[in-house]
Amino acid sequence: MKRAKPFEISKKVVWEAWKRVKANHGAAGVDEESIVDFEKNLKSNLYKIWNRMSSGCYFPPAVRTVGIPKKDKRIRLLGIPTVADRVAQRVAKMYLEPVLEPNFHQDSFGYRPGKSAIQAVEITRRRCWKYDWVLEFDIKGLFDNIDHDLLVRAVRKHTDCKWMLLYIERWLKAPFQGEDGIWVERTKGTPQGGVISPLLANLFLHYVFDKWMERNYLQVPFCRYADDGVVHCCTEEEAWMMKEVLEARFKECNLELHPEKTRIIYCKDDNRRREHPHMKFDLLGFTFRPRRSKNRWGKSFINFCPAVSNEAAKEMRQETRRWKLHLWSDQSLEDLSRRFSPIVRGWINYYGSFYKSALYPTLHHLNRILVRWAMRKFKRLRHHLTNAVYWLGRIANRQPELFPHWQFGVKPTAG
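Described in the following lines is the structure provided in the data block. (Residues numbered from 1 in each chain as written. Predicted model: local features only at pLDDT ≥ 70, side-chain atom pairs only at ≥ 80, totals over all residues. Heavy atoms only, no water.)

## Side note on the pattern of salt bridges
Quick note on the threshold: Should a side-chain nitrogen of Lys or Arg be within 4 Å of a carboxyl oxygen of Asp or Glu, the pair is scored as a salt bridge. Numbering of helices and strands runs from the N terminus; a helix is a DSSP stretch of H or I covering at least four residues, while a strand is a stretch of E covering at least two. Accessibility here uses a 1.4 Å probe with only protein chains present; expressed as a share of the type maximum, an area under 20% marks a residue as buried, one over 50% as exposed, and anything in between as partly exposed.
Evaluation of the coordinates by the stated rule reveals 21 salt bridges. Between R272 and D132 there is a salt bridge, with the nearest N and O atoms lying 2.8 Å from each other. Of the two residues, R272 sits in the loop between β8 (263-266) and β9 (281-283) while D132 sits in the loop between α5 (117-130) and β3 (133-138), which places them 140 residues apart along the sequence. According to the relative accessible area criterion, D132 is partly exposed, its value standing at 27%. Here the salt bridges share partners, and the residues they tie into one network are E16, K19 and R20.

As structure tokens, this is what we get:
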């Protein structure tokens, strides 16, 4: 007679967890085992994970860290668990997320099923029309500085599942292994790159910020996406007051607001005529600032609204350069469409959601790259830029479905 496992964990959930990990791809961890390598002995590997988790003897290996350059030229450490550990974390997340999700605040949008960045931008846009002032905030090194004791206390508020608590504590304490091979013990933080880390970070900020705001400043609306957020205020004085109380609150929970990314913004438009040093802010790849718009009757007015940020537009242009289309002259236009249209469609679906004309210069840049491809591919166009533009323009008019930005209305034109 087989002895029952101390913890009930479904083999079906382990299998589903594996499928999601595989779909997300990802690099190898400290054991250098890739997803392809893991799959070669899949049945045995998944059984080991289930058996060890069900027996209480699963111990996560060290997390491989890789330095990722940030925009401010500093380095962000990205934690990469092993493939097996990602499966184990996904199992825990699949059990824990349905328990936590109903408790989260409606204005928390990051890393949540059924919530999106576009929803966060949309609600912020509407509130900027209603409230004159915004406190933009960013939490400095959130994933690196989460207090383990406070986080475990938060988890215990929602579950008494012994294996869940056991493995979460082990994941929090799993050491880092740097690129030099040296292990570093951890006393705080949860690896940015871990499968369960975003859920745990959301839970932590639910109590540090969301619930605290709801309890103490119910009349002050906010929007939070992971460690970025905005608080809407009626007056400048209220905005400064909220900045002070939030700095104190985060300090109390061993976190810090980023001094350079936390600012007070005036939402200037036709009805708000004051001048202020800060009249724009960025959120999730969009820049909110005063822009000229037209109402339903065609009359122009100044509106405080979002559009694709300069940084996001620059990154998209750099991405199109990295494609190196000039090296693809052996391919057809249809081949290029199949390869790159999904990427362009994603940009349009996201950044074209608000003030879509701001996206046009980036899409025109893509047309210029396609024109250069055509000049390299066809000898008759090699030294004739205008002819190449007209050639591509005729195709765009005849087959607009070939590229998403042509359907968006951005076609090659001379001049």
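Now that the structure has been shown, the text picks up again.
## As for the sheet that holds strand β5 (residues 183-184)
Definition in use: Strands are treated as partners if at least two bridges between them are detected by DSSP.
The strand order β2-β1-β4-β5 describes an open sheet built from 4 strands, whose pairing is mixed. Bordering the open sheet on either side are β2 (75-80) and β5, each of which pairs with just one other strand. By the bridge criterion, 2 bridges tie strand β1 (residues 63-69) to strand β4 (residues 176-177) in an arrangement that is parallel. Bridging across to β4, V63 finds its partner in F176.

## Details of the pairing of strand β11 (residues 300-308)
Regular strands show a simple pattern: their side chains alternate between the two faces of the sheet. Relative to β11, strand β10 (residues 286-294) is paired through 9 bridges, and the arrangement is antiparallel. Pairing of K294 across the sheet is with S300, part of β11. Counted between consecutive antiparallel strands, the loop separating β10 from β11 contains 5 residues, among which G298 sits at a positive phi close to 85°.

## Here's the deal with the sheet that holds β3
Strands in a sheet are paired, the pairing made by backbone hydrogen bonds, and the direction either parallel or antiparallel. Heads up, the condition is: Each axis is a line fitted through C-alpha atoms, and for a helix only the stretch in contact is used; angles between axes span 0 to 180 degrees, taken between their N-to-C directions. Any pair of residues with heavy atoms lying within 4.5 Å of one another is described as a contacting pair.
Read across the sheet, 4 strands follow the order β6-β7-β3-β8 without closing on themselves; strand pairing throughout is antiparallel. Taken across any chain shown, the strands that pair with only one partner, and hence form the sheet edges, are β6 (222-225) and β8. Averaged over all neighbouring strand pairs, the angle between strand axes comes to 20°, with direction disregarded. Two strands pair when backbone bridges link them, and β3 and β8 are joined in this way by 4 bridges, in the antiparallel orientation. From the neighbouring strand, V134 faces β8, where its bridge partner is I265. Each of β3, β6 and β7 (228-233) is contacted by helix α9 (residues 197-216), which is oriented at about 175° to β6, the strand it contacts most. On the sheet, helix α10 (residues 236-252) packs against β3, β7 and β8 and is oriented at approximately 20° with respect to β3.

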